[in-house]
Amino acid sequence: MRIPSLLPACALLALTATVPMFTAAAAESTPRANVAVDDHHDSALHEAMETLKGAQRSVKKLMGDPVANEAKLMEALHSMEGAALTALGQTPAAPEGVTGKALELHNIGYKSEMAKLLQTILGMQTATLNGDSAALESGYEELNATKKAGHDGYKLDD
């Protein structure tokens, strides 16, 4: 009987049999990037919205002179871009009773609004780099309109 020579082979066989179980368990415990989140203050969506709000205030103060304030404007707009990308990967809590296709449509609408917000932010970056105050102001107005539409359609009352 050759037990000592079979031990490494048996250990390898046992290891290869258990690896799929560990990876499946890890995959189940790893949150998906595109999952519904509730509006708690520690969620990635909440943090992204807080970043957007703070950076938007900074932009408003700086946009009067995009040439002189270019670096600070771009810093704030890059922060907003990152927050918009984070928010795009999230899904807000669903309104009560919304399920099935209605929920899917709700989520698509949210993502469309976030994509529009991202486009606006990128346009504002372009306006900043071009020193175009009028385009920056227009972008800011569009940003406010998109924010209002998003809150009206997707933010649940606390």
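Fair warning: this is a prediction, and the values are worked out from it, not measured in the lab.

A. Local environment of the overall build of the protein. The number of helices and strands found in the protein is five helices and zero strands. Tracing the protein from N to C terminus, the helices and strands come up as α-α-α-α-α. When burial is assessed residue by residue, the protein has 28% of its 158 residues classed as buried. Contacts in the protein between residues at least 24 apart in sequence constitute 72% of all its contacts with a sequence separation of at least 6. Here the protein has roughly 10,200 Å² of accessible surface; of this, 60% comes from carbon and sulfur atoms.

B. Broad picture of helix H3 (residues 70-88). Between its first and last C-alpha, H3 extends 26 Å over 19 residues, near the 27 Å set by a 1.5 Å rise per residue. What H3 keeps buried is the set Leu73, Met74, Ala76, Leu77, Met80, Ala83, Ala84 and Ala87. Packing partners of the buried residues in H3 comprise helix H2 (44-62), helix H4 (100-129) and helix H5 (133-154).

C. Up close: the side chain of Thr128. If you trace the backbone, Thr128 turns up in helix H4. Since its relative accessible area comes to 0%, Thr128 is described here as buried. Within polar-contact distance, the side chain of Thr128 engages the backbone oxygen of Met124 at 2.9 Å.

D. The arrangement of H4 in detail. Spanning 30 residues, H4 covers 44 Å between terminal C-alpha atoms, matching the ideal 44 Å at 1.5 Å per step. Of the residues trailing H4, Gly131 is marked for its positive phi of about 65 degrees.

E. The arrangement of a positive patch on the surface in detail. Residues Arg57, Lys61, Lys147 and Lys155 make up a contiguous surface patch of positive charge. For Lys61, the position within the fold is in helix H2. Exposure remark for Lys61: the relative accessible area of 73% places this residue in the exposed category.

F. Region of the structure containing the side chain of Thr146. Locating Thr146 in the fold gives a position in helix H5. Accessibility expressed as a relative area gives 5% for Thr146, which makes it buried.

G. Looking closely at the packing of aromatic side chains. Under the criterion given, the structure shown has one aromatic pair. When the ring of Tyr110 is compared with that of Tyr154, the centres are 6.0 Å apart and the planes differ by 70 degrees; the resulting orientation is edge-to-face. Taken together, the positions of Tyr110 in helix H4 and Tyr154 in helix H5 put the pair 44 residues apart, joining distant regions of the chain. Both residues of the pair, Tyr110 and Tyr154, count as buried.

H. Here's a closer look at the confidence of the model for the protein. Mean pLDDT for the protein: 81, with 72% of residues reaching 70 or above. Averaged pLDDT values over the elements of the protein bottom out at 45 in helix H1 (residues 3-29) and peak at 97 in H3. Under a pLDDT of 50 for its full length, residues 7-39 has, in the predicted model, 22 contacts with residues more than four places off or in other chains.

I. Representation of the pattern of salt bridges. Evaluation of the coordinates by the stated rule reveals two salt bridges. Here Glu50 ties to Lys53 by a salt bridge, and the two come within 3.4 Å at their closest N and O atoms. Taken together, the residues span about one helical turn, with Glu50 and Lys53 both in helix H2 at a distance of three residues. Take Glu50: its relative accessible area is 35%, and that puts it in the partly exposed class. Residue Asp152 is joined to Lys148 by a salt bridge in which the shortest nitrogen-to-oxygen separation is 2.9 Å. Of this pair, Asp152 and Lys148 both sit in helix H5, four residues apart, roughly one helical turn. The class of Lys148 is exposed, set by a relative accessible area of 53%.

Rules of the game
Residues numbered from 1 in each chain as written. Predicted model: local features only at pLDDT ≥ 70, side-chain atom pairs only at ≥ 80, totals over all residues. Heavy atoms only, no water. Helix = DSSP H or I, 4+ residues; strand = E, 2+ residues; numbered from the N terminus. Buried < 20%, exposed > 50% of the residue type's maximum accessible area, 1.4 Å probe, protein only. Contact = heavy atoms within 4.5 Å. Areas by Shrake-Rupley, 256 points an atom, 1.4 Å probe, with all protein chains shown as cover. Expected span 1.5 Å × (residues − 1). Polar contact = N/O pair within 3.5 Å; in protein donor to acceptor, adjacent residues only side chain to side chain. Patch = residues over 30% accessible without salt bridge, like charges linked within 9 Å, V, L, I, M, F, W, Y side chains within 5 Å. Salt bridge = Lys/Arg side-chain N within 4 Å of Asp/Glu carboxyl O. Lys, Arg positive; Asp, Glu negative; His and termini not counted. Charge placed at Lys NZ, Arg CZ, Asp CG, Glu CD. Phe/Tyr/Trp six-rings, centres within 6.5 Å; stacked < 30°, edge-to-face > 60°. pLDDT = per-residue confidence, 0-100.

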